[in-house]
Amino acid sequence: MRRSVTLRNELDQMSRLSAFVDRLSELACLDEQTRSQIDLALDELVANVVSYAYPESQPGKVHIEARLRGRVLTLVLTDRGRPFDPTAVEEPDITLDVEDRPIGGLGIFLVRQVMDDVQYRRRDDTNVLTLRKQL
């Protein structure tokens, strides 16, 4: 199975992302917990692209491709925004009180927690983020 969606870098596109995850969940027969994990990861990552990848008011896109082979779901996110490697972001110290933690980084931490593998590369001026989830 292979499905994809391309979204503009606008927050109002998040409803299209949610519909994509719903359809993907149906096609792959995902249980509710796995569906929620995929939704969390994609929501966080796409929101980051929309908010930070492109200079303010510059149009841009993020493309998401989902592939299911056997019991492995692979999600590949690509955008032509600023280079950003989420795998290089230091994990936050979650033992600190909320007031003592720096802003940011928690979403990427959560993505790493719910996905089995997260890999980044920059290819031809494109960010390529690959996520894998064993089902």
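Note that the coordinates shown come from a computational prediction; the quantities given were computed from them, not determined experimentally. (Residues numbered from 1 in each chain as written. Predicted model: local features only at pLDDT ≥ 70, side-chain atom pairs only at ≥ 80, totals over all residues. Heavy atoms only, no water.)

(A) Region of the structure containing the environment of Asn-9. Tracing the backbone through its elements, the reader meets Asn-9 in the loop between strand S1 (2–8) and helix H1 (14–28). Residue class for Asn-9 comes out buried when judged on its relative accessible area of 13%. When the C-alpha positions of Asn-9 and Pro-59 are compared, they lie 6.6 Å apart, and in sequence the two are 50 residues distant. If we skip the residues at most four places from it in the chain, Asn-9 touches Val-50, Tyr-54, Gln-58, Pro-59, Gly-60 and Lys-61. One polar contact links the side chain of Asn-9 to the main-chain carbonyl oxygen of Gln-58, over a distance of 3.1 Å. There is a polar contact of 2.8 Å between the side chain of Asn-9 and the backbone nitrogen of Gly-60. (Helix = DSSP H or I, 4+ residues; strand = E, 2+ residues; numbered from the N terminus. Buried < 20%, exposed > 50% of the residue type's maximum accessible area, 1.4 Å probe, protein only. Contact = heavy atoms within 4.5 Å. Polar contact = N/O pair within 3.5 Å; in protein donor to acceptor, adjacent residues only side chain to side chain.)

(B) Looking closely at the packing of helix H2 (residues 32–53) against helix H3 (residues 106–114). Packing of H2 against H3 leaves a shortest axis separation of 9 Å and a crossing angle of 145 degrees. Between H2 and H3 lies a crossing of left-handed hand. From H2, Gln-37, Leu-40, Ala-41, Glu-44, Leu-45 and Asn-48 reach across to H3, where they touch Gly-107, Ile-108, Leu-110, Val-111 and Val-114. (Axes fitted to C-alpha atoms, helices over the stretch in contact; angles between N-to-C directions. Left-handed = near helix turned anticlockwise from the far one by under 90°.)

(C) Molecular detail of the layout of surface pockets. Taken as a whole, the largest pocket encloses approximately 390 Å³ of empty space. Around the largest pocket, the lining comprises 21 residues; the ones closest to its centre are Leu-45, Asn-48, Val-49, Phe-84 and Pro-86. Elements that contribute at least two residues to the lining of the largest pocket include exactly H2, strand S3 (72–79), H3 and strand S5 (126–134). Looking at side-chain class alone, the lining of the largest pocket contains 13 nonpolar, 5 polar and 3 charged residues. (1 Å grid on protein atoms, 1.4 Å probe; cavity = no way out; pocket = protein on both sides within 12 Å on 5 of 7 lines; lining within 4 Å. Points joined across faces, edges and corners; volume = space filled by probe spheres on them. Nonpolar A, V, L, I, M, F, W, Y, C, P; charged D, E, K, R; others polar.)

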